[in-house]
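# Survey of secondary and tertiary structure
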Amino acid sequence: MTYMTRREYLRRKRKRRRMIFYLCVLLFVLIVSLLLGILISRLSDHSSPDQTQSSYSLLEDSSSHSSVSPVFADSISEPSSAPSVTVPDGYELLQLSEEEMHKGSLILINKSYEYAFPTDQTLVSMYELSGSAYDVSGTDVQVDQIAAQPLNTMLTSFYEHSGISNLLILCGYRSKEESQELFDASVREDGLEHAERYIMRPGYSEHHSALAVDLGVLLDDGGVDYYSATGDYAWLTQNCHKYGFIVRYPDEKASITQIDYESWHFRYLGIPNATAIYNESLCLEEYMDFIKHYTADGQHYTVSTADGQYEIYYALGTQVPVPAQQSYEISGNNVDGFIVTVKVS
Ligand SMILES: [Zn+2]
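A quick note: this is a predicted structure, and the numbers were derived from the prediction, not measured.

The subject of this paragraph is the nonpolar core. Most often, soluble globular proteins have nonpolar side chains that are buried together. Residues Met126, Leu151, Leu155, Leu167, Ile169, Leu236 and Phe266 are the most contacted members of the largest nonpolar core, which totals 33 residues. For this core, the elements supplying multiple residues, two or more each, are helix H4 (145–162), strand E5 (167–171), strand E6 (212–218), helix H7 (234–239), strand E8 (245–249) and strand E9 (262–268). In terms of nonpolar packing, the next biggest core, distinct from the first, is built from 30 residues, Leu96, Ala274, Ile291 and Phe338 among them.

What follows is about the sheet that holds strand E11 (residues 308–316). Taken in spatial order, the 4 strands make up an open sheet running E10-E11-E14-E13, and their pairing is antiparallel. Whereas interior strands pair on both sides, the edge strands pair on one side only; in this sheet they are strand E10 (301–305) and strand E13 (328–332). Neighbour-to-neighbour, the strand axes of the sheet open up by a mean angle of 25°, direction not taken into account. Where E10 meets E11, 5 bridges bridge the pair, whose relative direction is antiparallel. Bridging across to E11, Val303 finds its partner in Tyr310. With respect to the sheet, helix H9 (residues 271–280) is in contact with E10, E11 and strand E14 (337–343), its orientation differing from that of E10 by roughly 105°.

Glycine aside, negative phi is the norm for most residues, and most peptide bonds take the trans geometry. In this model, Gln258 sits at a positive phi of 60°, which is unusual for a non-glycine residue. Assignment of secondary structure puts Gln258 in the loop between helix H8 (254–257) and E9. Of note in this structure, Ser281 is not a glycine but carries a positive phi near 50°. Tracing the chain through its elements places Ser281 in the loop between H9 and helix H10 (284–290).

Relative to the assigned elements, Ser125 resides in strand E2 (residues 123–125). Distance from Ser125 to Asp144, taken between C-alpha atoms, is 9.0 Å for residues 19 residues apart in sequence. The residues touching Ser125, leaving out its near neighbours within four places in the chain, are Thr139, Val141 and Gln142. Reaching out from Ser125, the side chain makes a polar contact with the backbone nitrogen of Glu128 at a distance of 3.2 Å.

Counted according to the given criterion, the structure contains 13 aromatic pairs. Taken together, a centroid distance of 6.3 Å and an interplanar angle of 45° make the contact between Phe158 and Trp235 tilted. Here the residue Phe158 occupies a position in helix H4, and Trp235 occupies one in helix H7, the gap between them amounting to 77 residues. Since its relative accessible area comes to 18%, Trp235 is described here as buried. Between the aromatic rings of Tyr227 and Tyr233, the centroid separation amounts to 6.3 Å while the plane-to-plane angle is 75°, which identifies the pairing as edge-to-face. Both residues of the pair, Tyr227 and Tyr233, belong to the buried class. Through a chain of ring-to-ring contacts, three or more aromatic side chains come together here, namely Phe158, Tyr227, Tyr233, Trp235, Tyr243 and Phe266.

This next bit is on the pattern of salt bridges. Within the structure shown, the criterion is met by 9 salt bridges. Between Glu114 and Lys176 there is a salt bridge, and its shortest N-O distance comes to 3.7 Å. Of this pair, Glu114 sits in the loop between strand E1 (91–95) and E2 while Lys176 is found in helix H5 (residues 176–190), placing the two residues 62 residues apart along the sequence. Residue Glu114 is classed as partly exposed on the basis of its relative accessible area, which comes to 24%. The salt bridge involving Glu196 is made with Arg201; its shortest N-O contact spans 2.8 Å.

Take the side chain of Thr305 next. On the secondary structure map, Thr305 appears in strand E10. Every residue in contact with Thr305, bar those within four places of it in the chain, is listed here: Ile271, Pro272, Thr275 and Tyr310.

Our focus in this paragraph is a negative patch on the surface. Taken together, the side chains of Asp140, Glu177, Glu178, Glu181 and Asp184 make up a negatively charged region of the molecular surface. Inspection of the secondary structure assignment puts Asp140 in the loop between strand E3 (135–136) and strand E4 (142–144).

What follows concerns H4. Taking 1.5 Å per residue, 18 residues should reach 26 Å; H4 reaches 26 Å between its end C-alpha atoms and fits that length. Those residues of H4 that sit buried are Ala147, Ala148, Pro150, Leu151, Asn152, Met154, Leu155, Ser157 and Phe158. Here H4 starts with a cap whose side-chain oxygen sits 3.0 Å from the backbone nitrogen of Ile146, and that cap is Asp144.

Calculation notes
- Residues numbered from 1 in each chain as written.
- Predicted model: local features only at pLDDT ≥ 70, side-chain atom pairs only at ≥ 80, totals over all residues.
- Heavy atoms only, no water.
- Core = buried A, V, L, I, M, F, W, Y, C linked by side-chain atoms within 4.5 Å.
- Buried < 20%, exposed > 50% of the residue type's maximum accessible area, 1.4 Å probe, protein only.
- Helix = DSSP H or I, 4+ residues; strand = E, 2+ residues; numbered from the N terminus.
- Pairing = 2+ DSSP bridges.
- Axes fitted to C-alpha atoms, helices over the stretch in contact; angles between N-to-C directions.
- Contact = heavy atoms within 4.5 Å.
- Polar contact = N/O pair within 3.5 Å; in protein donor to acceptor, adjacent residues only side chain to side chain.
- Phe/Tyr/Trp six-rings, centres within 6.5 Å; stacked < 30°, edge-to-face > 60°.
- Salt bridge = Lys/Arg side-chain N within 4 Å of Asp/Glu carboxyl O.
- Patch = residues over 30% accessible without salt bridge, like charges linked within 9 Å, V, L, I, M, F, W, Y side chains within 5 Å.
- Areas by Shrake-Rupley, 256 points an atom, 1.4 Å probe, with all protein chains shown as cover.
- Lys, Arg positive; Asp, Glu negative; His and termini not counted.
- Charge placed at Lys NZ, Arg CZ, Asp CG, Glu CD.
- Expected span 1.5 Å × (residues − 1).

This is the structure:
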């Protein structure tokens, strides 16, 4: 009996050990499958940032101005994260886009700020618009529709004041490809240093915007010279602001514009802002900083024109306070905000 009991005892002990062994194996299998599960989920997590990256790159590529596109992407997904803007009484807040910041008659284009090449630009042939008061060098000379009629009026007025009819529009709009050809030709002929100094790199020329023109003079011998502000011709340089144009690269501002004096290169800004620049004796680079002292909720810059009085102010970012009851024009500055020009009387 004692023997049987002991045998039974040993048998049960062996059974327990077997069961413990099986339990250990089961536990091991469970732990291994758990670890495998974690590993697989980690691997799939790791692949999702790559997808985010590619959609982000897509957004970046879709914008013509890559350095500002992340802001553009943020402003779409998180409009609430924009800084708060003070809206004065009688004003309403206009939500504009990053893309619009690179459009308008007041955009700054120079060696630091590239033109954004919008897809919806409307060009007008100056050859078709011109009468007998001035000439156009070819049928392909085009300017932006906002500058075409003011340019025609200015050149016609010049003829009426001076009786001179040999003024010539040499060029207006220039595509990026045309700029590249000019730049490459200059490098071939005179070297890179000369090209860098006298020819704007493709993308950084005001001519891309179609808001700038080069003027020339038809000579008696059939040749052509660049326009210069001498004798009776000076009337144009002295009065162009009344038609919305400025001499973009004045002699005394060459150190700021980083362009040598170009008496022939006129840039359209619209009458109020061109008059402001004329009155303050500034170049466009200086004016962009100057106008930042005037804001919607602060003091406005006041300018008088033949057409009436205007107030001008600047707004940082894409949220722009505009007057609810008065007519105004708005333009991006191609840098960081907008300029609002309000007709007050
Ligand atoms: Zn030019």
